[in-house]
Amino acid sequence: MHVKQAWYTQNLQIAIPATIAAAILILSLLWILVGGSYLITSTTGNRRAAIRKQLLRHQAKIQSYDSGSSQPSMAGIPGYVM
């Protein structure tokens, strides 16, 4: 351990930039593996799927109302008189 420490302190002009570059590389790899692209793609994918599902439900309701098959009940609305 003393040899590595002595080399590091004697060669700071090389050691400091190399340490910074290694830290940036390690942090970027961790970001890619753990948080970055995985979370972004899975979140936007799930959000798009949920929006698509809601849109399909809404379109199905509109089509069923247009066909006259199942109109929503107005009996539960206060002040509604048939």
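Our subject is the structure that appears above.
Quick notes on the rules
- Residues numbered from 1 in each chain as written.
- Predicted model: local features only at pLDDT ≥ 70, side-chain atom pairs only at ≥ 80, totals over all residues.
- Heavy atoms only, no water.
- Helix = DSSP H or I, 4+ residues; strand = E, 2+ residues; numbered from the N terminus.
- Buried < 20%, exposed > 50% of the residue type's maximum accessible area, 1.4 Å probe, protein only.
- Areas by Shrake-Rupley, 256 points an atom, 1.4 Å probe, with all protein chains shown as cover.
- Patch = residues over 30% accessible without salt bridge, like charges linked within 9 Å, V, L, I, M, F, W, Y side chains within 5 Å.
- Salt bridge = Lys/Arg side-chain N within 4 Å of Asp/Glu carboxyl O.
- Polar contact = N/O pair within 3.5 Å; in protein donor to acceptor, adjacent residues only side chain to side chain.

(A) Representation of the overall build of the protein chain within the structure. Secondary structure summary: the protein chain contains two helices and zero strands in total. For the protein chain, buried positions account for 4% of its 82 residues. Counting only carbon and sulfur atoms, one obtains 68% of the accessible surface of the protein chain, whose full area is about 7600 Å².

(B) Quick peek at a nonpolar patch on the surface. There is a patch of nonpolar side chains on the surface, built from Trp7, Tyr8, Leu12, Ile14, Ile16, Ile20 and Ile24 and spanning about 700 Å² of accessible area. Among the elements that line the nonpolar patch, the one with the most residues is helix α2 (residues 12–67), at five residues. Looking at where Ile14 falls in the secondary structure, it is placed in helix α2.

(C) Representation of the environment of Thr19 within the structure. Positionally, Thr19 belongs in helix α2. Accessibility expressed as a relative area gives 37% for Thr19, which makes it partly exposed. Reaching out from Thr19, the side chain makes a polar contact with the backbone oxygen of Ala15 at a distance of 2.6 Å.

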